[in-house]
4 protein chains.
Amino acid sequence: MNGDAHLQVQRLADIEHLKIHGRTAGDLDPVTLFWTGSAIELNVQASGLWIEVESGYDQYESWISILINSVPVSRQMLNAGRHWICVFRGMNPDAVKNIRIVKEVQAMSGDPGCYLQFHAVRTDGAFLPIEAKPYRLEFIGDSITSGEGVIGAREELDWIPAWFSGVHNYTALTAEAVNADYRVISQSGWGVLTSWDNNPNGNIPDSYEQVCGLLTGERNEALGAHKVNDFASWQPDVVVVNLGTNDNGAFHSPEWVDEATGQRYKQRLKEDGSHHEEDLAAFEVAVVKFLVKLRQYNHSSHILWAYGMLGIPLMPAIYRAVDVYIQSTGDKKVSVFQLPDMTSETVGARTHPGLLAHQQTAQELSGYIKGLLSGS
Amino acid sequence: MNGDAHLQVQRLADIEHLKIHGRTAGDLDPVTLFWTGSAIELNVQASGLWIEVESGYDQYESWISILINSVPVSRQMLNAGRHWICVFRGMNPDAVKNIRIVKEVQAMSGDPGCYLQFHAVRTDGAFLPIEAKPYRLEFIGDSITSGEGVIGAREELDWIPAWFSGVHNYTALTAEAVNADYRVISQSGWGVLTSWDNNPNGNIPDSYEQVCGLLTGERNEALGAHKVNDFASWQPDVVVVNLGTNDNGAFHSPEWVDEATGQRYKQRLKEDGSHHEEDLAAFEVAVVKFLVKLRQYNHSSHILWAYGMLGIPLMPAIYRAVDVYIQSTGDKKVSVFQLPDMTSETVGARTHPGLLAHQQTAQELSGYIKGLLSGS
Amino acid sequence: MNGDAHLQVQRLADIEHLKIHGRTAGDLDPVTLFWTGSAIELNVQASGLWIEVESGYDQYESWISILINSVPVSRQMLNAGRHWICVFRGMNPDAVKNIRIVKEVQAMSGDPGCYLQFHAVRTDGAFLPIEAKPYRLEFIGDSITSGEGVIGAREELDWIPAWFSGVHNYTALTAEAVNADYRVISQSGWGVLTSWDNNPNGNIPDSYEQVCGLLTGERNEALGAHKVNDFASWQPDVVVVNLGTNDNGAFHSPEWVDEATGQRYKQRLKEDGSHHEEDLAAFEVAVVKFLVKLRQYNHSSHILWAYGMLGIPLMPAIYRAVDVYIQSTGDKKVSVFQLPDMTSETVGARTHPGLLAHQQTAQELSGYIKGLLSGS
Amino acid sequence: MNGDAHLQVQRLADIEHLKIHGRTAGDLDPVTLFWTGSAIELNVQASGLWIEVESGYDQYESWISILINSVPVSRQMLNAGRHWICVFRGMNPDAVKNIRIVKEVQAMSGDPGCYLQFHAVRTDGAFLPIEAKPYRLEFIGDSITSGEGVIGAREELDWIPAWFSGVHNYTALTAEAVNADYRVISQSGWGVLTSWDNNPNGNIPDSYEQVCGLLTGERNEALGAHKVNDFASWQPDVVVVNLGTNDNGAFHSPEWVDEATGQRYKQRLKEDGSHHEEDLAAFEVAVVKFLVKLRQYNHSSHILWAYGMLGIPLMPAIYRAVDVYIQSTGDKKVSVFQLPDMTSETVGARTHPGLLAHQQTAQELSGYIKGLLSGS
């Protein structure tokens, strides 16, 4: 740490003007980030800043991006262990820098050993207040919402954290266009009813009310992942639900067998290739139930089901389910929005939407959300 | 290094198929990279790869970018010391990945303590041959060619390594468009005759024949920075010289006084705001001399003077000097090309060209170079 | 007609290789074009070509565009009367030119005196066969589909034919992207159930089976506008219905009174600003009925309801109606597609979608249609 | 002229607020337009406007574009004879429309019978003053400046007026970006010294001082084409000279023989493919002489030699000539600017720059000109 010996360590818990993005269990010492797009934000008047990060994993390592004055400057894999990372150095000590350190990778339901924490900073300066954005958005989704494939060459096939991005996916871009703070709840492969492979446990709704309920392992439990989220502290103006892509995948995937019970799960296609009515109905019931739950925790938010970057086969079912919800509850602050389809020009890694697809989605989705927020 | 315990360490010097981009003094144990855009390239068939890097600095730290299959995946500041950095992990061990680890920051003439070395890799796989590109380009320039301002918000004013980029500047983009290997020789603030502040030592030509002659300090000398470059081993098809922007700056800056001798240096403007003829002539002589030196070391390369991203006030002088060189030598493999001016839409950090400006320059410059290479 | 004295007149009815785009009543002597996008197409091997056009109007004049080898070269208002228009002259007589003369303006329900006919050509060459495109598309819509506002400055407010375009609207652009012949049935202000001002006569479905049933006046009747269209001769692969924008407008417009009967018509909003359920239901019934009629005349076409360039307030109702239709008929070759919303960057004249909006719609819509046509 | 019977005829010569763009011989009854981009401009508060045009030709007919409120609405070939053309009709009589009727085709040195005149208008409204733009530009050039190839398919090979455009070429686009009135002096195939085929008569400088000196025939002479232009009435801020492309072509074309004298003309290449020094010197002398003439008629204009959309082989010679001019005259208001090269993506008809190439040139050229005009 050449030339940085004069910096003073401060625990994050001791910083008055610390802004945390994304759900947490409340503990600040250290700060644990669970979801992609979760972040620590600071306004710092200093010549240099280091941050002490702690990362662990059994299989899937964490990545972070560092934004200085809203521009991504650094993106790196985090080795296991506790490290000091230099955020900036050698800058004008009188100028205030806005710093965001963003989790680039989704919560990892498949790796009980994966966690990411921030302990302290080391700086020669002071921290200033951070203005809240005028709006709040919450995004709920699957691999698309996790930014899977935003990074990496088109030929990449490995399922690894490197190809995920929180700062370049449509959630970040939409929030920026709308001028909103935002949170993300997402998991690759998961759906409303089941995951892509018919596993009924791979659904987002069941653990929605928990801080990060899809995480497993003792450490995550101890970190508060399974605690009930403090919804009162952060109510979004709009909840964007981008689910359904994997529910459709389940119709095209083999059955899933619960090894404990022997029970078999399968969303069926009929001989003519269309969705089986019973299974489609089960999906629609799941959508309705999730809307009910979302409303329970988000009293006055507009709930927006946004679907379509990888096709719209379940759109009629989504519209039906939303209709049923509205008719049965009288709740009219719910609507549906079709997202633009990925094309051969906008595809990214792992045949997932690339940066151009996320930019196009953000442009169209933010236009619609601006309409909602302006009441038009 | 969870899950990576089975990886085997190999020194870089022991790898048969190691490709190094950029000038070196020849030593492979460790490999020292001097210039921006310099890189280590590997084709590796493995599930994981780590690299051992050593970095030092008194003031200006090094940054690297990691490209996997030609796509930038990671970009990070390097702390002082010797560290293992994970390049990738958890990938299909049978697939071959093309890896480039690229120096993002220019050689630092102002920091004798700055150096960057690579010692070894740790992997579970094998290294395969790397095909040479059909062409070779060498770029010689100043801050523009160093990619200063490509990264960072427009309001950034600090002169720090973070705002430099080797992989997103016009040199990398032009080489990619032309399908060429490339090298960069560049220094912010320097010119053909003097630096922007009239310092006659801030000229690129004087040390062109050395591996990285503008570096100072004992360590750099020991690393071979002042050795004569092995030109025979790498002859470019085209040498692009992007100098003159700081030579013009000198006309608009205060004089520089050599504290040792008391001698004063100043490129003068006349009362009407035009360049003083004598000083302009000195600039032109410097251009001619540099062309002579470039030809001495690059026997059959086309030499292309490319100038203009921050205005073209010295273009008439450059054309005159190139004319004088051609008339006096009969050497016709020299030409001049105007680069597109930066605009308010394409500006980056530190009022330097941003990514859009570098992309536009690469598009136009690569079109011209393709014409040269095809002999049209 | 300097230098063109050697050209020979031929009646269109006598040309073997004449291709007519758009519905006609069958008569070729002269050829009458009714709808926007309707066209005469010729492959002509000649040095010059003139065409004899006849145009009439009480209020709204006709405009045509001339395309040579698929590129728009000329666009002009047609004065009333019978005129010879030079299509091209002075060209290589041996080269074959593809010529399309396209009606730029919609059928004018409000002007019984408006008509457009083509009588003859004058040329020194021969006509060659015209290959059919592999697909056929039919577009049914309102002002958006008529290309209203594609031409003209943003401040234009007059409702005049000059601001309409058949060759630059999304129908032409989509057909080109899909490589399809196409037809358009459209009328500004009209809907499925009523026009924007609650007039129940302003609906497209009632006269769909007629060649151009919305035209009035004796001349148009004599020209066959009210004859039943010959559906057997031209069955589209996809019928795109872009209606609903004016049906929503009716909810926000004053009632319409039938002066003959005194009957009042009004699609009502409720106090909370939402659509009155009864009136929404009437709209949905109209959608279902129209789908039934479309299927009656288009036996194996995919029917695609495409909606959204000026907002999506009726999308839930459209999805419901399409669902009802599918459930009650078992006909699954029907789907719904949301079009991208116009933005402040893509608006054209008369606050209608401009060229950029039509290009974006064509890009997304053609992607979806390609999926339908490939069976994916 | 249905519904337009109430319009009143006015001769153009009687309209107080008539603005004419482009050089004229001064006569307003009728107005004769010679050069491409020349135009009649009116601010008219009326419901309708017709204009009486007279056009003649032996070989190359005239085309015009009509712009309403700066947007091109109509583009058409003009048949020989005298005709009334409807500019607009049916518009709000209280709104003021800005109208420009623009000559789309260059003056035709090869057709003594070609002319274009405007006699009168017919309207129900009044004409209002037209504000002058803050700047004035004059463009002097060849086929590029005549917009040859801006219209038409890439495969077009015929040399016909249809492929030319005055309103979509870089002169109009640059003037719009700079907010300037502008004039064009241009001729396809011509150069500074000779035309592309070595004809010494095909040079622009010789007749620069005449209104439109390159026209031939008694009619054009009677119309004042050979009169000395009234330079005092319109002095440009910047004269842009885009010549040299055909002068280079002459080096690659067969000799031209003056049939009257038997004299042979040929710009020679040497065996190594480079320009013969003597012939290059002759070109440079021609450039210097033209600069002297330009200064004679444009006392305080900046003279800008802009060159490069189809390659830059003569750029060194142009720089040398401009240097010689500056050194010998002390006139420093002269500079050189390289234009961006056309690419395979931006090519238009007849392997000439297409619309995209003209847009790119206008973007870069207008940036440079704005710098000149702001004195920076």
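Being a predicted model, the structure only gives us computed values, none of them experimental. (Residues numbered from 1 in each chain as written. Chains lettered and ligands numbered in written order. Predicted model: local features only at pLDDT ≥ 70, side-chain atom pairs only at ≥ 80, totals over all residues. Heavy atoms only, no water.)

Asker: How should helix α1 (residues 170-178) of chain C be read in this particular structure?
Answerer: Because an α-helix completes one turn every 3.6 residues, residues spaced three or four positions apart along the sequence face the same direction. Residues and elements named next belong to chain C. Of all nine residues that make up α1, seven are buried, and the element is covered over most of its length. The complete set of buried residues in α1 reads Y170, T171, A172, L173, T174, A175 and V178. For α1, the secondary structure elements touched by its buried residues are β12 (135-141), β13 (180-186), β14 (238-242) and α6 (355-373). (Buried < 20%, exposed > 50% of the residue type's maximum accessible area, 1.4 Å probe, protein only. Helix = DSSP H or I, 4+ residues; strand = E, 2+ residues; numbered from the N terminus. Contact = heavy atoms within 4.5 Å.)

Asker: Sorry, what's going on with the relation of the copies chain C and chain D here?
Answerer: Note that the two copies of the chain are related through a rotation about an axis and a translation along the same axis. In screw terms, the move from chain C to chain D is a rotation of 180 degrees and a rise of 0.0 Å along the axis, fitting with an RMSD of 0.0 Å. Read as a symmetry element, the transformation amounts to a two-fold axis. Proximity to the rotation axis, assessed at the C-alpha, singles out R75 of chain C in chain C; its C-alpha lies 2.6 Å from the axis. Looking at the interface residues of chain C, 100% of them are also at the interface in chain D, so both copies use one shared face. (Least-squares fit on C-alpha atoms with pLDDT ≥ 70 in both.)

Asker: Explanation requested: the domain arrangement of chain A in the structure shown.
Answerer: In many reports, interface size means the accessible area that the parts give up when they come together. Residues and elements named next belong to chain A. Along its sequence, chain A is carved into domain 1 (8-128) and domain 2 (135-373). Taking only C-alpha atoms, the centre of domain 1 and the centre of domain 2 are 26 Å apart. Both faces considered, domain 1 and domain 2 share a buried interface measuring about 3000 Å² in area, 56% of it formed by carbon and sulfur atoms. In terms of surface lost to domain 2, no three residues of domain 1 exceed R23, W35 and Q106, which account for 26% of the buried area on that side. Its salt-bridge partner being K19, residue D181 comes within 2.8 Å of it at the nearest N-O pair. On the surface where domain 1 and domain 2 come into contact, there are 16 residue pairs in polar contact (both at pLDDT 80 or more). Counting only elements with at least two residues in the side of domain 1 that touches domain 2, the list comes to β2 (19-21), β6 (63-68), β7 (71-77), β9 (96-103) and β10 (115-123). Tallied by class, the residues present in the side of domain 1 that touches domain 2 amount to 14 nonpolar, 10 polar and seven charged. (Domains from an automatic or database assignment. Buried area = accessible area lost by both parts, 1.4 Å probe. Salt bridge = Lys/Arg side-chain N within 4 Å of Asp/Glu carboxyl O. Polar contact = N/O pair within 3.5 Å; in protein donor to acceptor, adjacent residues only side chain to side chain. Nonpolar A, V, L, I, M, F, W, Y, C, P; charged D, E, K, R; others polar.)

Asker: Before we go on, may I ask you to explain the interface of chain A and chain B in this structure?
Answerer: Of the residues lining the interface, 36 residues belong to chain A; the matching set on chain B comes to 35 residues. Summing both partners gives a buried area of about 2800 Å² for chain A against chain B, and 51% of it is carried by carbon and sulfur. Where E61 of chain A meets R89 of chain B, a salt bridge forms, and the shortest distance between an N and an O atom there is 2.6 Å. On inspection of chain A and its partner chain B, the count reaches 13 residue pairs in polar contact (both at pLDDT 80 or more).

Asker: Looking at this model, I keep getting lost on the pairing of strand β7 (residues 71-77) of chain B. Mind explaining?
Answerer: Within a regular beta strand, the side chains point alternately toward one face of the sheet and then the other, so they alternate between its two faces. Residue and element names in this part refer to chain B. Among the seven residues that make up β7, five are buried, leaving the element largely enclosed by the rest of the structure. Of the strand pairs in this sheet, strand β6 (residues 63-68) and β7 are connected by six bridges, and their pairing is antiparallel. Paired with I68 across the two strands is V71, which belongs to β7. Connecting β6 to the antiparallel partner β7 that follows it, the hairpin turn spans two residues, and N69 within it adopts a positive phi of roughly 50 degrees. (Pairing = 2+ DSSP bridges.)

Asker: Mind showing me how you'd approach the interface of chain C and chain D here?
Answerer: The interface of chain C with chain D comprises 35 residues on the first partner and 35 residues on the second. Regarding the contact of chain C and chain D, the summed buried area is about 2700 Å², with carbon and sulfur atoms giving 51% of it. Where chain C packs against chain D, one counts two salt bridges. Counting the contacts that link chain C with chain D gives 13 residue pairs in polar contact (both at pLDDT 80 or more). Those elements giving two or more residues to the side of chain C that touches chain D turn out to be β6 (63-68), β7 (71-77) and β8 (81-88) of chain C. Counting residues per element, the side of chain C that touches chain D draws most heavily on β7 of chain C, which supplies seven residues. The residue makeup of the side of chain C that touches chain D, split by class, is 20 nonpolar, nine polar and six charged.

Asker: Sorry if this is basic, but what is going on with the environment of L12 of chain D here?
Answerer: The residue L12 of chain D is located in the loop between β1 (8-11) and β2 (19-21) in this model. In this structure, L12 of chain D is in contact with L18, L28, V31, I40, F118, H119, A120 and V121 of chain D, ignoring residues within four places of it in sequence.

Asker: How should I be thinking about the environment of I140 of chain A in this particular structure?
Answerer: Residues and elements named next belong to chain A. Here I140 shows up in strand β12 (residues 135-141). Along the backbone, I140 and Y265 are 125 residues apart, and their C-alpha atoms lie at a distance of 24 Å. In contact with I140, other than residues within four places in its own chain, are T145, I185, I204, Y208, V239, V240, V241, N242, L243, F290 and L294.

Asker: I'm lost on the packing of aromatic side chains in this one. Help?
Answerer: In this description, an aromatic ring pair is defined by two values, namely the gap between the centres and the angle between the planes. Within this structure, the stated rule accounts for 46 aromatic pairs over all chains. Relative to W159 of chain A, the ring of Y60 of chain A has its centre 5.1 Å away and its plane inclined at 75 degrees; by these criteria the two rings are edge-to-face. Here Y60 of chain A is found in the loop between β5 (49-56) and β6, whereas its partner W159 of chain A is found in the loop between β12 and α1 (170-178), with 99 residues between them in sequence. Ring pairs connect the aromatic residues Y208, F231, F290, Y297 and W305 of chain A, which therefore count as one cluster. R23 of chain C extends its terminal NZ or CZ atom over the ring of Y208 of chain C, reaching a point 4.7 Å from the ring centre. (Phe/Tyr/Trp six-rings, centres within 6.5 Å; stacked < 30°, edge-to-face > 60°. Lys NZ or Arg CZ within 6 Å of the ring centre and 35° of its normal.)

Asker: Hey, could you run me through the pattern of salt bridges in this one?
Answerer: Here the idea is simple: oppositely charged side chains can pair when their charged atoms come close. All told, the structure shown has 60 salt bridges over all chains when counted by the stated rule. Across the salt bridge formed by E278 of chain B and R268 of chain B, the nearest N and O atoms sit 3.1 Å from each other. One end of the pair, E278 of chain B, is in helix α4 (residues 277-297); the other, R268 of chain B, is in the loop between β16 (264-265) and α4, and 10 residues separate them in sequence. Residue class for E278 of chain B comes out exposed when judged on its relative accessible area of 54%. We classify R268 of chain B as partly exposed; its relative accessible area is 33%. As a salt-bridge pair, D29 of chain D and R11 of chain D come within 2.6 Å of each other at their nearest N and O atoms. Residue D29 of chain D is found in the loop between β2 and β3 (31-32), and its partner R11 of chain D is found in strand β1; the two are separated by 18 residues along the sequence. Looking at R11 of chain D, the relative accessible area reads 27%, which means it is partly exposed. Several salt bridges share partner residues, and in doing so they unite R268, E278 and D279 of chain A into one network.

Asker: In this structure, what is going on with the side chain of S146 of chain D? I would like to understand it.
Answerer: All names here are of chain D. Among the structural elements, S146 can be located in the loop between β12 (135-141) and α1 (170-178). Here S186 takes part through its side chain, which lies 2.7 Å from a polar atom of the side chain of S146. With sequence-adjacent residues up to four places away left out, S146 is seen in contact with T36, Q106, F164, S165, N169, S186, Q187 and S188.

Asker: Whenever I open this one, the sheet that holds strand β14 (residues 238-242) of chain B confuses me. Can you help?
Answerer: Strands in a sheet are paired, the pairing made by backbone hydrogen bonds, and the direction either parallel or antiparallel. Residue and element names in this part refer to chain B. Strand order in the open sheet formed by five strands is β13-β12-β14-β17-β18, with parallel pairing between adjacent strands. Each edge of the sheet is formed by a strand with only one pairing partner; in this case those strands are β13 (180-186) and β18 (334-338). This sheet shows a mean twist of 20 degrees between the axes of neighbouring strands, independent of strand direction. Sheet analysis places strand β17 (residues 302-307) next to β18, joined by five bridges and oriented parallel. Bridging from a neighbouring strand, L304 pairs with S335 of β18. With respect to the sheet, helix α1 (residues 170-178) is in contact with β12 (135-141), β13 and β14, its orientation differing from that of β12 by roughly 160 degrees. Against the sheet, α4 contacts β12, β14, β17 and β18, and its axis sits at roughly 145 degrees relative to β17. (Axes fitted to C-alpha atoms, helices over the stretch in contact; angles between N-to-C directions.)

Asker: For this particular structure, what's the right way to read the packing of helix α6 (residues 355-373) of chain B against helix α6 (residues 355-373) of chain D?
Answerer: How two helices sit against one another is set out by the angle between their axes and by the gap between those axes. At a minimum axis separation of 14 Å, α6 of chain B and α6 of chain D run at an interaxial angle of 120 degrees. Between α6 of chain B and α6 of chain D, the angle is such that the two are oblique. Crossing angle aside, the handedness with which α6 of chain B passes α6 of chain D is left-handed. Of the residues in α6 of chain D, those in contact with Q360, Q363 and E364 of chain B of α6 of chain B are Q360, Q363 and E364 of chain D. Residue classes in the contact of α6 of chain B with α6 of chain D are distributed as no nonpolar, four polar and two charged. (Parallel < 35°, antiparallel > 145°, perpendicular 65-115°, else oblique. Left-handed = near helix turned anticlockwise from the far one by under 90°.)

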